[in-house]
Amino acid sequence: MEDTFTVANGGHFAGVFDGHGGSGVSGMLRDHVHRLYSKALSQQHSEEIQRSANDEILVVDNDDSNETATVTHTGSSFPSIQSHISAIRGALKRIERESLRHDHFEYQGSTAVVVLVHVGENGERTLVSANVGDSRAILCRGRKAVDLTRDHKPSDEREKARIRSMGEDVQWDPYGEIYRVKDLSLSRAIGDRFAKPVVSSEAEIECLPVNAEQDKFFVSKFSPSIEIFCHHNYKERNTSETLHQTKKVTHGRPLRRILYLLLLLFYTFFALASLAKF
């Protein structure tokens, strides 16, 4: 399958990858993004501890004394949010570089949405979301939908300005009723060597503190068989409209209705269980 996902760290790390043109790039993301992220995070944290250990402050006891005391800062036992951001950005860049090395991946690519949980020294939690492409992650907060990511579509004004600044233009596809750039319906992706650099692989990363009282779970695109999670079905819908489709997927043939309900229950249970482990 071109669409795949990975879950690690007891639910503290979850990624969804929607491949196109083949399953090669999305498979690379599934198999390697968490490993590369973990390796980079360990290195980043070690460097933080070393910088902190080297940061020695000389304190003069009094004005009449030449004696000094040395105060050494020991590093935090928890990696900083910046370390997590650098680690996931670096992991995605590593996979991008590897995909561009292979000729048979020239017309293959994938979106990438990764949501991870940073836990601070005092137990405070922050959701860190990294996004490349037009898959979507949504947080349920107090019965309201909160976007964790922004869709990277050629129709987006910021993306359109970036594309035009590179001398490329956005075309309207009357058959698919969508905007395209380089024949793709998304403006950022991992892979797609033929469309570089206009179709960017730069991850957009956002941080959102967890509200323990109101935050319930977050969802993304898990399977193309579930309409509300499939980016090419919701097209230009906003988040509220996307979540509203949960009321519609139960209509239809009995067997399909049962399948949809089972899938929705499974992923809702999984998401709740993951959040409970934050």
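Remember, it's a predicted structure, so these values are computed and weren't measured experimentally. (Residues numbered from 1 in each chain as written. Predicted model: local features only at pLDDT ≥ 70, side-chain atom pairs only at ≥ 80, totals over all residues. Heavy atoms only, no water.)

Enquirer: Explain the pattern of salt bridges to me, please; I cannot follow it from the model alone.
Expert: Once their charged atoms are close, side chains differing in charge can pair, the charge on each being opposite to the other. What the rule picks out here adds up to 18 salt bridges. A salt bridge links aspartate 173 to arginine 180; its shortest N-O distance comes to 2.9 Å. (Salt bridge = Lys/Arg side-chain N within 4 Å of Asp/Glu carboxyl O.)

Enquirer: I'm lost on the environment of glutamate 96 in this one. Help?
Expert: Considering the arrangement of structural elements, one finds glutamate 96 in helix 2 (residues 81-100). A sequence separation of 71 residues divides glutamate 96 from valine 25, and the C-alpha atoms of the two residues are 8.6 Å apart. With sequence-adjacent residues up to four places away left out, glutamate 96 is seen in contact with Ala189, Ile190, Gly191, Lys196 and Ser201. (Helix = DSSP H or I, 4+ residues; strand = E, 2+ residues; numbered from the N terminus. Contact = heavy atoms within 4.5 Å.)

Enquirer: When you look at the packing of aromatic side chains in this model, what are you seeing that I'm missing?
Expert: In this description, a pair of aromatic rings is defined by centroid distance and the angle of the planes. If you walk through the whole model with that rule in mind, you get 3 aromatic pairs. Measuring from ring centre to ring centre gives 5.0 Å for phenylalanine 13 and tyrosine 37, while their planes differ by 35 degrees; the resulting arrangement is tilted. With phenylalanine 13 in strand 2 (residues 13-20) and tyrosine 37 in helix 1 (residues 24-53), this residue pair connects regions lying 24 residues apart in the sequence. The residues phenylalanine 13 and tyrosine 37 share a single accessibility class, namely buried. (Phe/Tyr/Trp six-rings, centres within 6.5 Å; stacked < 30°, edge-to-face > 60°. Buried < 20%, exposed > 50% of the residue type's maximum accessible area, 1.4 Å probe, protein only.)

Enquirer: Explanation requested: helix 3 (residues 157-165) in the structure shown.
Expert: Helical geometry: 3.6 residues make up each α-helical turn, so side chains three or four residues apart lie on a common side. Among all positions of helix 3, only Glu159, Lys160, Arg162 and Ile163 are buried. Mapping the buried residues of helix 3 onto a view down its axis gives an arc of 160 degrees, with all of them on the same face. Exposed side of helix 3, more than 90 degrees from the buried face: Glu157, Arg158 and Ser165 are the residues found there. Just downstream of helix 3, glycine 167 is the residue with a positive phi angle, here 85 degrees. (Arc of directions from axis to C-beta.)

Enquirer: Please clarify how unusual backbone geometry should be interpreted in this entry.
Expert: Residues apart from glycine generally show negative phi values, whereas peptide bonds are mostly found in trans. Across the junction of lysine 196 and proline 197, the peptide omega takes the value 0 degrees, indicating a cis bond. Examined against the element boundaries, proline 197 turns out to sit in the loop between strand 12 (190-191) and strand 13 (204-209). For glutamate 177, which is not glycine, the phi dihedral falls at a positive 55 degrees. Looking at the secondary structure, you find glutamate 177 in the loop between strand 10 (171-173) and strand 11 (178-180). Under the relative-accessibility criterion, glutamate 177 is labelled exposed at 54%. With phi around 70 degrees, aspartate 183 is a residue other than glycine that occupies positive phi space. Counting through the fold element by element, aspartate 183 comes out in the loop between strand 11 and strand 12.

Enquirer: Would you mind showing me how to read the side chain of glutamate 159 here?
Expert: The residue glutamate 159 is located in helix 3 in this model. Among the polar contacts listed, one links the side chain of glutamate 159 to the side chain of serine 187, at a separation of 2.7 Å. Of the polar contacts made by the side chain of glutamate 159, one reaches the side chain of arginine 188; its length is 2.9 Å. Residue contacts for glutamate 159: discarding those within four places in its chain leaves Arg150, His152, Lys153, Ser187 and Arg188. (Polar contact = N/O pair within 3.5 Å; in protein donor to acceptor, adjacent residues only side chain to side chain.)

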